[in-house]
Structure formats: C-alpha cells, structure tokens
Amino acid sequence: VGSFECNPPFISVVMTAMADHVHRLLLAAEQGSKMKEGLSFVIVVPGWTDEPSWEVLKESRYLRRKFLVAKADHGFCDGAQHQRKDRYRESPFDTAIFILQTDSAARRWPATEAVENELRVAMAEAHPTPAAKERRLKEGRGMGDADGGGGVYKGKRRNRRNDKGPRRKKRSKMLVQK
C-alpha cells in the first residue's frame, strides 16, 4: 500500500521482470483487504518501444497515464553524484513514464495532466550546466552522445606502487629460521 517509483536497470529481461512483478503487486493489492488505501507505481524506463516491457506496461489494465519525454528535454541526477563534481547528466535517450494504479490509488493520487507537467518540469531542470558538459567531454566520462561515450568512474587516483595483486606480508624471521 502506497505510491512508489520504479527505475530498473535498462536491461530487457530486468525491465520485463519488473513489469510482471508490479502487476502481481497491483493485483494482490486490489484483491487484498487494504484495497481501499491503494497502490501506485510511477515507472521510469527508456523510450524503447520495441521492448517486451513496453508492451506489458502499455497494455496494463492498471495504466492511468503514460508519456514520453524527449532526450533533449530532460537530464538525470547521476547515480554516482556523491563521487562527482557535477550532479546532473544529459539523458542518452528518450524516457517513458508509466503510471500504474489500483482504482483506490487513482482516486487518492490522480494521474492528471498537472502531475505530468510537474514531472516534465522537474526532469527538464536536471540538465547539466554548460561547464559540466565541457568537463564530462574533456574527461571522456558517461554514456551520453555528448560525452564521447563510455567511461566508468574508477574512484580517486591513489598511489599504485607496482600493484600486481594483493600485497604480501614479509615472513617473520622467526618463522623462516628452524
């Protein structure tokens, strides 16, 4: 019971499993004794219309609203923002938002045009600054088109003296002597 957000890893089998799981939860909530309180999900997935999960979500009997946000119209808060200079990054593709709800959740948290507009504004505000875009391009980080592609944060550089595996402790002279 409640209202939740789902933003699964963008892997086909994972997105489909998430969609199926959400449907099982909605069905259970609808049939359960707590039905009057409602269950709601805002699902954020890439705008890949050829994905099996897209079809499952689009055809759901619990679907109250769906919309697509163009990649140029929004950005994201970087998942590693606590390790980065810059909080936001550009979206590498369109993003789909699906709002699935039981009937009681739809009454409690209506998925109106105003809600859609609020989400669009919030997503638009997550664009990186021009300086942040320049830094990402220079560092070759990220997966966005403007980033120069691929790159995983490897953490702070540290002194790596001949780091070819775990360090071995020197054996004590007492252990070596017989």
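Everything here concerns the structure above.
Computed from a prediction, not measured in an experiment: that's the story for all the values here.

Student: Can you explain the pairing of strand β6 (residues 95-101)? Please cite residues and give values.
Tutor: Counting buried residues along β6, 7 of its 7 residues qualify, which places the element largely inside the surrounding structure. The alternating pattern of β6 places T95, I97, I99 and Q101 on one face and A96, F98 and L100 on the opposite face, and all of these are buried. As judged from the 6 bridges shared by strand β3 (residues 63-69) and β6, these two strands associate in the antiparallel manner. Counted as the bridge partner of F67 is I97 from β6.

Student: Kindly report on the side chain of S60, identifying the contributing residues and their values.
Tutor: Inspection of the secondary structure assignment puts S60 in the loop between α2 (52-58) and β3. Not counting the four nearest positions on each side in its chain, S60 is found in contact with H23 and L100.

Student: If you had to explain a nonpolar patch on the surface to someone new, which residues and values would you point to?
Tutor: A cluster of nonpolar side chains, contributed by I11, V13 and V14, occupies part of the molecular surface with about 250 Å² of accessible area. By secondary structure assignment, the location of I11 is in the loop between β1 (2-6) and α1 (12-31). Of the residues examined, I11 reaches a relative accessible area of 46% and is grouped as partly exposed.

Student: Outline the pattern of salt bridges, listing residues and values.
Tutor: All chains considered together, the criterion is met by 6 salt bridges. Between K58 and E55 there is a salt bridge; the shortest N-O distance is 3.6 Å. Residue K58 and its partner E55 are located together in helix α2, separated by 3 residues, close to a single helical turn. For E59, the salt bridge goes to K58, with nearest N and O atoms at 3.6 Å. On the accessibility criterion, E59 (53% relative accessible area) is exposed.

Student: Help me get a handle on the packing of aromatic side chains, residues and values and all.
Tutor: Scanning all chains against the criterion turns up 5 aromatic pairs. Where F10 meets F93, the ring centres are 5.7 Å apart and the plane angle is 55°; that geometry is what we call tilted. Linking F10 in the loop between β1 and α1 with F93 in the loop between β5 (88-90) and β6, this pair joins segments that are 83 residues apart in sequence. Residue F10 is classed as partly exposed on the basis of its relative accessible area of 29%. Judged by its relative accessible area of 21%, F93 is partly exposed. In this structure an aromatic cluster arises from ring pairing among F10, W48 and F93.

Student: Give me the lowdown on the environment of G47, citing residues and values where you can.
Tutor: Counting through the fold element by element, G47 comes out in the loop between β2 (39-46) and α2. When the C-alpha atoms of G47 and V69 are compared, they prove to be 8.1 Å apart, with 22 residues separating the residues in sequence. Apart from residues lying up to four places away in sequence, G47 is in contact with W54, L68, D94, T95 and A96.

Parameters at a glance
- The written sequence of each chain sets the order in which its residues are numbered from 1.
- Per-residue local features are limited, in this predicted model, to residues with pLDDT of at least 70; the limit for side-chain atom pairs, both in listing and counting, is 80 or more; totals at the level of whole chains, interfaces and linings are taken over all residues.
- Hydrogens and water are ignored here; the side-chain numbers use all heavy atoms of the structure.
- With a 1.4 Å probe rolled over the protein chains alone, any residue whose accessible area is under 20% of its type maximum counts as buried; one over 50% counts as exposed, and the rest are partly exposed.
- The helix count covers DSSP runs of H or I at least four residues long, the strand count covers runs of E at least two residues long, and both are numbered beginning at the N terminus.
- In short, DSSP must find at least two bridges between two strands for them to pair.
- Note on contacts: a residue pair is in contact if any heavy atoms of the two residues lie within 4.5 Å.
- Within this analysis, patches are made of residues with over 30% relative accessible area and no salt bridge. Like charges are joined at 9 Å or less; nonpolar side chains (Val, Leu, Ile, Met, Phe, Trp, Tyr) at 5 Å or less.
- Surface accessibility follows the Shrake-Rupley procedure with a 1.4 Å probe radius. Residue values consider only the protein chains on display as shielding.
- Should a side-chain nitrogen of Lys or Arg be within 4 Å of a carboxyl oxygen of Asp or Glu, the pair is scored as a salt bridge.
- In summary, the pairing rule links any two rings of Phe, Tyr or Trp, Trp by its six-membered ring, whose centres are within 6.5 Å, and it sorts them by plane angle into stacked for under 30 degrees, edge-to-face for over 60 and tilted for everything else.

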